[in-house]
Structures are given as structure tokens and as C-alpha cells.
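Single-letter residue listing:
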Amino acid sequence: MIRLALLRHGHTHWNRAGRIQGRTDIPLDDDARSHLGALRLPAPWSDADLVSSPLARAAETAQIVSGRPPLAVPNLTEMDWGDWEGARGEVLLTNPTAGYRHIEDWGWSYRPPGGESPEDVLRRVKSWADGLSSDTVAVCHIGIIRVILARAHRWDFEGPAPFRIKRDRLYVLTLDQGNWQADPEPIRLETRAA
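Description of the structure in this document. (Residues numbered from 1 in each chain as written. Predicted model: local features only at pLDDT ≥ 70, side-chain atom pairs only at ≥ 80, totals over all residues. Heavy atoms only, no water.)

**Remarks on the pattern of salt bridges**
Applicable threshold: Salt bridge, as applied in this entry: a Lys or Arg side-chain nitrogen positioned within 4 Å of an Asp or Glu carboxyl oxygen. Throughout this description, buried means an accessible area under 20% of the type-specific maximum (1.4 Å probe, protein chains only), exposed means over 50%, and partly exposed covers the range between.
Per the counting criterion, the structure on display carries eleven salt bridges. The salt bridge involving Glu90 is made with Arg88; its shortest N-O contact spans 2.4 Å. The exposure class of Glu90 is exposed, given its relative accessible area of 52%. Among the salt bridges present, the one from Lys126 reaches Asp130, with a minimum N-O distance of 2.5 Å. The exposure class of Lys126 is partly exposed, given its relative accessible area of 25%. Here Asp130 falls in the partly exposed class, since its relative accessible area comes to 42%. Each member of the salt-bridge network shares a partner with another, and the members are Arg23, Glu116 and Arg124.

What follows is the structure, given as C-alpha cells:
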């Protein structure tokens, strides 16, 4: 039995502008660096294995909250949004020919033009998670966390999600021979002593 804690990276200027980042390697903004600098991983997660997406925003978040460099895991790279990378979701929603939908209307096979479906993301993440041999903190992206939690909660991207992904929180799962079980509540990062 392995415990996996998922942490979403800090804000970027694209996040704040409502732009779809996907695999575009946008760094943390200065406000995010300052905010994260006041936080740290709580015990026992501070001693767990540390990995991150290879994208700068995730790797830097991991370094800041842990004080050590993470191991880059390509399987944790954000979902590929294809032709929609850099666009604003609210603008895509106003175009009836774009095919863009709210997450509650996706399903596992929903695919942006030239991008990945949640099913594609799950396949690559599962191949990594099934190989874990010790408790691990993974700093990654909302798309990756959403897919992992969807599987753990048995949510099919239809109707409201049974979870809400916030920053500065660890979403903890127990992985046991292919069975993923999410803890009911996330754990907040701790404030560093002054």
C-alpha cells in the first residue's frame, strides 16, 4: 500500500488571465513565489519522495515548499490542450463551433482538437503510479490531479465533480494493487515559522 499526495503548482500570469496553459511552459509569477515561500510541506510528507511535472511552474513549486529539488516525471506533464493552448476558456465557450465544453460535460473521451482526452491522461499517469514503491508527493497540474481524483472517486466527468481542487493543499490517495482511494479531505500546507 502506497500513499500519494498531489499538490497543484502555484499561480502563473496565464492562470490569472484565465488562459489554458496545458504543456506551454509558463513559469510561476512573482506573487506565487512570495506566497509559496511562506509555506512548507507538513510532516510526514516533508520526508516523502518528491516528484514533479517537468514543467517549470510545478518543479519550482516543489522546490519552494520542500527546500529540495524534485525528480522530474514526464508522465505528470499537464494535459495537452492542442489547438486550445493559450486561449481563454470563457471565449471558447462563446463560439458554438469550437467544441469547448464545461468539465461537467466532458466524459472520459472528450478531446480538444489536437490534444489529449482524460482517458489518455489517465493511461500515462496510471503507468507511473502503478510503479511507485514508497510514499510520494507529486507536484503537478489541475488536469492531472482532476483525472487522478476522478478515477479515485469513480466520477465520469458527467455532472458536478465530487471534489474541488484548491491550491496549497495536498490531495492524498491510497494506492493498493490498482485500487485508488482518495482521503475525504485535503491537507493544508503549513506556514513556515518566521
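Next, the rest of the story.
**Section: the nonpolar core**
What counts, and what does not: Nonpolar cores are built from buried Ala, Val, Leu, Ile, Met, Phe, Trp, Tyr and Cys residues. Side-chain atoms within 4.5 Å join them into one set. Going along the chain from the N terminus, every DSSP run of H or I of four or more residues is numbered as a helix, and every run of E of two or more is numbered as a strand. Residue contacts follow a heavy-atom distance rule, with two residues in contact if any of their heavy atoms lie within 4.5 Å.
Leu6, Trp128 and Leu173 are the most contacted members of the largest nonpolar core, which has 40 residues in total. At the level of secondary structure, the elements contributing two or more residues to this core comprise strand 1 (2-8), helix 5 (118-129), strand 5 (136-140), helix 6 (142-153), strand 6 (169-176) and strand 7 (179-182). Here the element with the most residues in this core is helix 6; it accounts for seven residues. If sequence neighbours within four positions are ignored, Leu173 has contacts with Ile2, Arg3, Leu4, Leu6, Ile148, Leu149, Ala152, Trp180, Gln181 and Ala182. Of all hydrophobic cores here, the second largest spans 19 residues; its members include Trp45, Ala58, Val137 and Leu189.

**Re the pairing of strand 3 (residues 49-52)**
Put simply, the test is: What makes two strands pair is DSSP finding at least two bridges between them. Here is how to tell: hold the view so the strands point away, follow the path from the first strand over the helix to the second, and if it runs clockwise the crossover is right-handed.
Both strand 3 and strand 5 contribute to a ladder of four bridges, which runs parallel. Bridge pairing in strand 5 places Leu50 opposite Val137. Pairing of strand 3 with strand 4 (residues 71-72) involves two bridges; the strand directions are parallel. Bridging from a neighbouring strand, Ser52 pairs with Ala72 of strand 4. As for the winding sense of the linkage, the β-α-β connection from strand 3 through helix 3 (residues 56-66) to strand 4 is right-handed.

**A short note on the pairing of strand 6**
The buried fraction of strand 6 amounts to seven of the eight residues, a majority that puts the element mostly inside the structure. For strand 1 and strand 6, the ladder comprises six bridges, and the chain directions are antiparallel. Of the residues in strand 6, the one forming a bridge with Leu7 is Leu170. Pairing of strand 6 with strand 8 (residues 187-188) involves two bridges; the strand directions are antiparallel.

**Let's talk about the environment of Leu36**
Mapped onto the secondary structure, Leu36 falls in helix 2 (residues 30-37). Residue Leu36 is classed as buried on the basis of its relative accessible area, which comes to 3%. Leu36 sits 74 residues away from Tyr110 along the chain, and the two C-alpha atoms are 33 Å apart. Look past the residues within four positions of Leu36 in its chain and what remains in contact with it is Gly10, Leu28, Thr61, Ile64, Val65 and Asp168.

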